[in-house]
Amino acid sequence: MDQRLKELNERRQAIQLRLEELDCVAAGQAEMNNIVTNTEKFIASLPYTLREGVPQEKLVTLRQCIERIHIDKPNGQITVNIQVVPVGNIDDTQQVDVALA
């Protein structure tokens, strides 16, 4: 009888651990869905914000898209690293080089 109780207790603990793992997976999935939804909303609002928004809104939006700007004045070069939405195996940033006029 004690052996069977011990086995059942071990089984209960294993099931409890598995339930906790599944809860973590579900929470992670919900967070991922939230990130995707927020990203979709941000991308959908970009054209309107950049065309019709007040300067402060445009600036905030651009700051969310630009990771880094490097100005090399002596060489007349500007490098902008832009955040891109990852699709498939595309990198998550893109670098654009522009010559200073």
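Residues numbered from 1 in each chain as written. Predicted model: local features only at pLDDT ≥ 70, side-chain atom pairs only at ≥ 80, totals over all residues. Heavy atoms only, no water.

## A few points about the overall build of the protein
To keep things clear, this is the line we draw: Secondary structure is summarised from DSSP: a helix means a run of H or I of at least four residues, a strand means a run of E of at least two, and numbering begins at the N terminus for each. With the radius of gyration taken over C-alpha atoms, the globule rule is written as 2.2 Å times the number of residues to the power 0.38. The cut-offs for exposure are 20% and 50% of the maximum accessible area for each residue type, with area from a 1.4 Å probe on protein chains only; residues under the lower value are buried, those over the upper are exposed, and the others partly exposed. Contacts are residue-level and defined by heavy atoms, with any inter-residue pair within 4.5 Å sufficient. Calculation of accessible area relied on Shrake-Rupley with a 1.4 Å probe; when residues are assessed, cover is drawn exclusively from the protein chains displayed. Counting rule applied: Lys, Arg positive; Asp, Glu negative; His and chain ends not counted. For charged residues, the charge sits on one atom: NZ in Lys, CZ in Arg, CG in Asp, CD in Glu.
Check the secondary structure of the protein and you find two helices and three strands. If you list the helices and strands of the protein from N to C, you get α-α-β-β-β. Since a compact globule built from 101 residues should have a radius of gyration of about 13 Å, the 25 Å found for the protein marks it as more spread out than a globular shape. If one aligns the C-alpha atoms of the protein with their principal axes, the spans along those axes are about 85 × 35 × 25 Å. Burial status across the protein gives 10% buried among its 101 residues. Long-range contacts, defined as pairs at least 24 residues apart, comprise 9% of the intrachain contacts of the protein with a sequence gap of at least 6. Split by element, the accessible area of the protein, about 8700 Å² in all, is 56% carbon and sulfur. Computing the positive centroid from 11 side-chain charges and the negative centroid from 15, the protein places the two 3 Å apart.

## Examining the pairing of strand β1 (residues 66-72)
Taken residue by residue, a regular strand's side chains alternate between the two faces of the sheet. Operational definition: A pair of strands counts as paired when DSSP detects no fewer than two bridges linking them.
Note: β1 against strand β2 (residues 77-83), six bridges, orientation antiparallel. Bridge pairing links H70 to T79 in β2.

## Re helix α1 (residues 2-52)
The cut-off we apply is this: Here a helix's expected span is defined as the number of its residues, less one, multiplied by 1.5 Å. Bend, at a single residue, is the angle you get between axes fitted to the 7 residues ending at that residue and the 7 residues starting at it.
Here α1 spans 74 Å end to end across 51 residues, near enough to the 75 Å set by a 1.5 Å rise per residue. The largest bend in α1 comes to about 40°, at S45, with the proline P47 one to four residues further on.

## Focus: a nonpolar patch on the surface
Threshold: Residues enter a patch when their relative accessible area is above 30% and they make no salt bridge; the linking distance is 9 Å between like charges and 5 Å between nonpolar side chains (Val, Leu, Ile, Met, Phe, Trp, Tyr). Any carboxyl oxygen of Asp or Glu within 4 Å of a side-chain nitrogen of Lys or Arg constitutes a salt bridge here.
Taken together, the side chains of M1, L5 and L8 define a hydrophobic patch exposed on the protein surface, amounting to about 370 Å² of accessible area. Structurally, L8 can be placed in helix α1. Looking at L8, the relative accessible area reads 42%, which means it is partly exposed.

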